[in-house]
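Spelled out from the first residue to the last, the chains are:
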Amino acid sequence: MSKEKKRKPNIVKFLSKSILIILGGLIAAYGLEAVLIPNNVSDGGVTGLSIVGSQLFGIPLGVLIAIINIPFVWLGYKQIGKSFAIYSVIGIASLAIGTALMHHVPAIIEGDTLLVTVVGGVILGFGMGLALRNGGALDGIDMLAVLLSKKLPFGTSDLILFLNLFVFIVVSTVFGLQGAILSGIAYFIASKVIHIVEEGLSGSKTFKIITSHPEVMVETIRDRLGRSATYKDAYGGYSNELFKEITCVINRLEESKIKEIIQEIDPHAFVTVYDVAEVKGGNFRKRDIH
């Protein structure tokens, strides 16, 4: 295969991801300019700090988003990689330009604080999630948290929470305590929407089942759910008794059904359940059940 043929799919992939990241940035910008900011509600992270700076000093929001994110993009380049940094530059630039273009759009919701936080959080989260799903980021504070977690005895999620608490304290100096609380709620909603957009609505779960009836359990799961399962030997640490540990990956919609099967076959089975970020390969597609 020639170099030109190899290069073409990479260019198409880069362009398609870039377009979706730009779209995500514009959607997030609309959520800020048409819902949150007109109602004195901010975002977390670098965007929240940029909103505060824009209100205090009269500097265009897009300019501050671009400038403040520069060191975080550098961190992303050092800690995560070149492609992530490039996609993040595209995303942050689209967010910055989007806020400038949409600065004078009329607010679609005014006054109803609950509706503002929900709608604003959903729009913002969808835009940010779309960018993250395609390899870029619209806010650099997560990159700082990843770096600090390597230097400090705290997890990344703990540091993200701490850094955003600081941001919302700063937000309270401009939007007041109520504005800071509403900003925190909107940020929480946005974070949940980001998770859904990144992983999809269905998602997957892994069930690990230790049972004394492994053959019947696997056969029933196959017949009723159309799912394959594997099992291996497991020894009890206290009794040294031999059991079979079954592993089965399902989607979230099938969770209640597999629990019914387990309860019916072996009510005393030991079950652990894990969230699965992604499933690839194998024969995960479910066969038809007749």
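Residues numbered from 1 in each chain as written. Predicted model: local features only at pLDDT ≥ 70, side-chain atom pairs only at ≥ 80, totals over all residues. Heavy atoms only, no water.

**Re the packing of aromatic side chains**
Given two aromatic rings, their pairing is described by the distance between the two centres and the angle made by the two planes.
Now for step 1: What the rule picks out here adds up to 2 aromatic pairs.
Now for step 2: Aromatic side chains Phe168 and Tyr187 sit 5.9 Å apart centroid to centroid with 70 degrees between the ring planes, which places their arrangement in the edge-to-face category.
Now for step 3: For Tyr187, a relative accessible area of 23% translates into the label partly exposed. (Phe/Tyr/Trp six-rings, centres within 6.5 Å; stacked < 30°, edge-to-face > 60°. Buried < 20%, exposed > 50% of the residue type's maximum accessible area, 1.4 Å probe, protein only.)

**Considering the pairing of strand 1 (residues 204–211)**
Moving residue by residue along a regular strand, the side chains alternate between the two faces of the sheet.
Now for step 1: Burial within strand 1 is extensive, with 6 of its 8 residues counted as buried.
Now for step 2: Direction of pairing for strand 1 relative to strand 3 (residues 242–251): antiparallel, over a ladder of 8 bridges. Bridge pairing links Ile209 to Ile246 in strand 3.
Now for step 3: Relative to strand 4 (residues 270–276), strand 1 is paired through 7 bridges, and the arrangement is antiparallel. Residue Lys205 lies in a different strand from strand 4, and its bridge partner there is Asp275. (Helix = DSSP H or I, 4+ residues; strand = E, 2+ residues; numbered from the N terminus. Pairing = 2+ DSSP bridges.)

**Some details on helix 5 (residues 82–101)**
Now for step 1: If you check helix 5, its first and last C-alpha atoms are 28 Å apart, about what 20 residues at 1.5 Å a residue would give, namely 28 Å.
Now for step 2: Considered for burial, the residues of helix 5 that qualify are Phe84, Ala85, Tyr87, Ser88, Ile90, Gly91, Ile92, Ser94, Leu95, Ala96, Gly98 and Thr99. (Expected span 1.5 Å × (residues − 1).)

**So, the pattern of salt bridges**
Now for step 1: This structure, assessed with the given rule, holds 8 salt bridges.
Now for step 2: Its salt-bridge partner being Asp223, residue Arg222 comes within 3.9 Å of it at the nearest N-O pair.
Now for step 3: Its relative accessible area of 36% is what places Arg222 among the partly exposed residues.
Now for step 4: Residue Asp223 is classed as partly exposed on the basis of its relative accessible area of 40%.
Now for step 5: Between Asp233 and Lys244 there is a salt bridge; the shortest N-O distance is 2.6 Å. Note that Asp233 is positioned in strand 2 (residues 230–235) and Lys244 in strand 3, a separation of 11 residues in sequence.
Now for step 6: In this structure Lys244 comes out as partly exposed when scored by relative accessible area, which is 25%. (Salt bridge = Lys/Arg side-chain N within 4 Å of Asp/Glu carboxyl O.)

**Observations concerning the pairing of strand 3**
Now for step 1: Here 6 bridges tie strand 2 to strand 3, and the two strands are oriented antiparallel to one another. Along strand 3, the bridge assignment pairs Thr230 with Thr247.
Now for step 2: In sequence, strand 2 turns back onto strand 3 through a hairpin of 6 residues, with Asn240 there showing a positive phi of about 60 degrees.

**Describing the layout of surface pockets**
Now for step 1: If you add up the space inside the largest pocket, you get close to 490 Å³.
Now for step 2: Lining the largest pocket are 21 residues, with Leu132, Asp142, Ile160, Tyr187 and Ile194 sitting closest to its centre.
Now for step 3: When contributions to the lining of the largest pocket are tallied by element, the ones reaching two or more residues are helix 6 (113–133), helix 7 (141–151) and helix 8 (156–199).
Now for step 4: Tallying contributions element by element places helix 8 first for the lining of the largest pocket, with 7 residues.
Now for step 5: Looking at the lining of the largest pocket residue by residue, the classes come out as 13 nonpolar, 4 polar and 4 charged. (1 Å grid on protein atoms, 1.4 Å probe; cavity = no way out; pocket = protein on both sides within 12 Å on 5 of 7 lines; lining within 4 Å. Points joined across faces, edges and corners; volume = space filled by probe spheres on them. Nonpolar A, V, L, I, M, F, W, Y, C, P; charged D, E, K, R; others polar.)

**Observations regarding the confidence of the model for the protein chain**
Now for step 1: The predicted model of the protein chain has a mean per-residue pLDDT of 85, with 88% of residues at 70 or higher.
Now for step 2: Of all the helices and strands in the protein chain, helix 7 carries the lowest mean pLDDT, 72, while helix 3 (residues 61–68) carries the highest, 94. (pLDDT = per-residue confidence, 0-100.)

**Regarding the environment of Ser183**
Now for step 1: Among the structural elements, Ser183 can be located in helix 8.
Now for step 2: Through-space distance from the C-alpha of Ser183 to that of Leu36 is 8.3 Å; in sequence the pair is 147 residues apart.
Now for step 3: For Ser183, the side chain forms a polar contact with the main-chain oxygen of Gly179, separated by 2.6 Å. (Polar contact = N/O pair within 3.5 Å; in protein donor to acceptor, adjacent residues only side chain to side chain.)

**Here we look at the sheet that holds strand 3**
Now for step 1: If you walk across this open sheet you meet the 4 strands as 2-3-1-4, and the pairing is antiparallel. Unpaired on one side and paired on the other, strand 2 and strand 4 mark the two borders of the sheet. Averaged over neighbouring strand pairs, the angle between their axes works out to 25 degrees when direction is ignored.
Now for step 2: Most of the contacts of helix 10 (residues 255–265) go to strand 1, to which it runs at about 5 degrees, and overall it touches strand 1, strand 3 and strand 4. (Axes fitted to C-alpha atoms, helices over the stretch in contact; angles between N-to-C directions. Contact = heavy atoms within 4.5 Å.)

**Observations concerning helix 4 (residues 70–79)**
Now for step 1: Where helix 4 is concerned, the buried positions are Phe72, Val73, Leu75 and Gly76. Viewed along the axis of helix 4, the buried residues span an arc of 155 degrees, placing them on a single side of the element. Structural note: helix 4 exposes Ile70, Trp74 and Lys78 on the side pointing more than 90 degrees away from its buried face.
Now for step 2: Immediately beyond the C-terminal end of helix 4, within one or two residues, lies Gly81, with a positive phi of roughly 145 degrees. (Arc of directions from axis to C-beta.)

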